[in-house]
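Spelled out from the first residue to the last, the chains are:
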Amino acid sequence: MATEGTPAQSLWASRMNAWYIRPVEKSFWVRWMPGALPATAYITLRNTRGEDAKVVKVLSPDYGKVAVGRPGAGGEGSEPVGRDAFTVPAGGEFAMAPGRCHLILEKPYRPIAPGDEVRVMFVLEDRRRLRVRMPVRPGRAGRPGALGMAPGREQ
């Protein structure tokens, strides 16, 4: 479990909410993988402001490492993109979805399994934060014939 002194834990408690960025309903969830394999997270963020919103960091009090990733060569696995920043366009959306850009979650602080929730926080350039509790689904969730994407909830 993350200790109270970790940066992600401290930032989670912050009250500087990013009121202009919201997750699209039913778009956010975590794909759980067994053993020590990294989990992947998906979300679509909507920007209601008239100007671009830049996400400069993604953190989780439940994982020691969070990175923005993309599908690996040949569609196998995933690889970090080398930066955590991305922009949600003014009045538009930024989608992280299977087979596209996604979050890579590594080094869990606690045992995580399907049915749990994972806390993820997006830190914006203006220091405001969006906190989201994402439901954890089995490794095949979101694939044809699987459970599909289930709704999460905003914190």
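Just above, that's the structure.
Since the structure is predicted, the reported quantities are computational estimates derived from the model, not experimental observations.

(A) Seen up close, the overall build of the chain. A tally of regular secondary structure across the chain gives one helix and twelve strands. Walking the chain from its N terminus toward its C terminus, one meets helices and strands in the order α-β-β-β-β-β-β-β-β-β-β-β-β. Counting every position in the chain, which comprises 155 residues, the buried fraction comes to 45%. A total of about 8000 Å² of accessible surface is found on the chain, and carbon and sulfur atoms cover 52% of it.

(B) Here's a closer look at the pattern of salt bridges. The full count for this structure, using the stated rule, is seven salt bridges. Between glutamate 51 and arginine 49 there is a salt bridge, with its nearest N and O atoms 3.7 Å apart. A relative accessible area of 47% places glutamate 51 in the partly exposed class. A salt bridge links lysine 65 to glutamate 106, with the nearest nitrogen and oxygen atoms 3.7 Å apart. Highlighted residues: lysine 65 in strand β5 (residues 63–71) and glutamate 106 in strand β9 (residues 102–108), separated in sequence by 41 residues. Several salt bridges share partner residues, and in doing so they unite Asp62, Arg110, Asp116 and Arg119 into one network.

(C) Region of interest: the layout of surface pockets. Quantified by volume, the second largest pocket comes out at close to 170 Å³. As for the second largest pocket, its lining consists of 16 residues, of which Met33, Gly35, Leu37, Tyr63 and Pro108 are closest to the centre. If you tally residues by element for the lining of the second largest pocket, the top one is β9, at four residues. Classifying every residue of the lining of the second largest pocket by side-chain character gives twelve nonpolar, one polar and three charged.

(D) Structural context of the nonpolar core. Phe86, Leu103 and Phe122 are the most contacted members of the largest nonpolar core, which totals 30 residues. Ignoring sequence-local partners within four residues, the contact set of phenylalanine 86 consists of Leu45, Ala53, Lys54, Val55, Val58, Val68, Phe94, Met96 and Phe122.

(E) The environment of alanine 67, seen in detail. As for its placement among the helices and strands, alanine 67 is situated in strand β5. Residue classification places alanine 67 among the buried positions, given a relative accessible area of 11%. Between the alpha carbons of alanine 67 and leucine 103 there is a distance of 5.7 Å; along the sequence they are 36 residues apart. The contact partners of alanine 67, leaving out residues within four places of it in the chain, are Asp84, His102, Leu103 and Ile104.

(F) Quick peek at the environment of glycine 92. One can find glycine 92 in the loop between β7 (86–88) and β8 (93–96). Separated by 39 residues in sequence, glycine 92 and alanine 53 have C-alpha atoms that sit 9.9 Å apart. Dropping the residues within four chain positions of it, glycine 92 is found in contact with Leu45, Arg46 and Asn47.

(G) Region of the structure containing the packing of aromatic side chains. As enumerated under the stated definition, the model contains three aromatic pairs in all. Plain terms: the ring middles of tryptophan 29 and tyrosine 42 are 4.9 Å apart, the flat faces sit at 40° to each other, and that makes the pair tilted. Here tryptophan 29, found in strand β2 (residues 29–31), pairs with tyrosine 42, found in strand β3 (residues 39–47); they are 13 residues apart in sequence, far enough to count as distant. In this structure, tryptophan 29 and tyrosine 42 share a single accessibility class: buried. The lysine or arginine in question, arginine 49, covers the ring of tyrosine 20, its NZ or CZ lying 3.9 Å from the ring centre.

The rules behind these values
Numbering of residues starts from 1 in every chain and runs along the sequence as written. Totals for whole chains, interfaces and linings use every residue, but because this is a predicted model, local features are given only for residues with pLDDT of at least 70 and side-chain atom pairs only at 80 or more, for both listing and counting. Calculated side-chain values reflect all of the structure's heavy atoms, with hydrogen atoms and water omitted. Helical segments are the DSSP runs of H or I of at least four residues, strand segments are the runs of E of at least two, and each set is numbered from the N terminus. Remark: exposure states derive from per-residue accessible area (1.4 Å probe, protein chains only) relative to the maximum for the residue type, with buried under 20%, exposed over 50%, and partly exposed in between. All accessible areas in this document rest on Shrake-Rupley with a 1.4 Å probe, and a residue is counted as covered only by the protein chains that are shown. Just to be clear on terms, a salt bridge is a Lys or Arg side-chain nitrogen sitting within 4 Å of an Asp or Glu carboxyl oxygen. Think of a 1 Å grid over the protein atoms and nothing else: a 1.4 Å probe that fits but is trapped marks a cavity, an open set flanked by protein within 12 Å on at least five of seven lines marks a pocket, and residues with an atom within 4 Å of a point count as lining. Grid points are joined across faces, edges and corners, and a volume is the space filled by probe spheres set on the points. We call Asp, Glu, Lys and Arg charged. Ala, Val, Leu, Ile, Met, Phe, Trp, Tyr, Cys and Pro are nonpolar, and the rest, Gly among them, are polar. Residues grouped as a nonpolar core are buried Ala, Val, Leu, Ile, Met, Phe, Trp, Tyr and Cys residues, joined through side-chain atoms within 4.5 Å. We call two residues in contact when some of their heavy atoms are within 4.5 Å. For Phe, Tyr and Trp, where Trp contributes only its six-membered ring, two rings pair if their centres lie within 6.5 Å, and the inter-plane angle classes them as stacked under 30 degrees, edge-to-face over 60, or tilted in between. Charge-over-ring placement is defined geometrically: NZ (Lys) or CZ (Arg) within 6 Å of the ring centre, and within 35 degrees of the ring normal.

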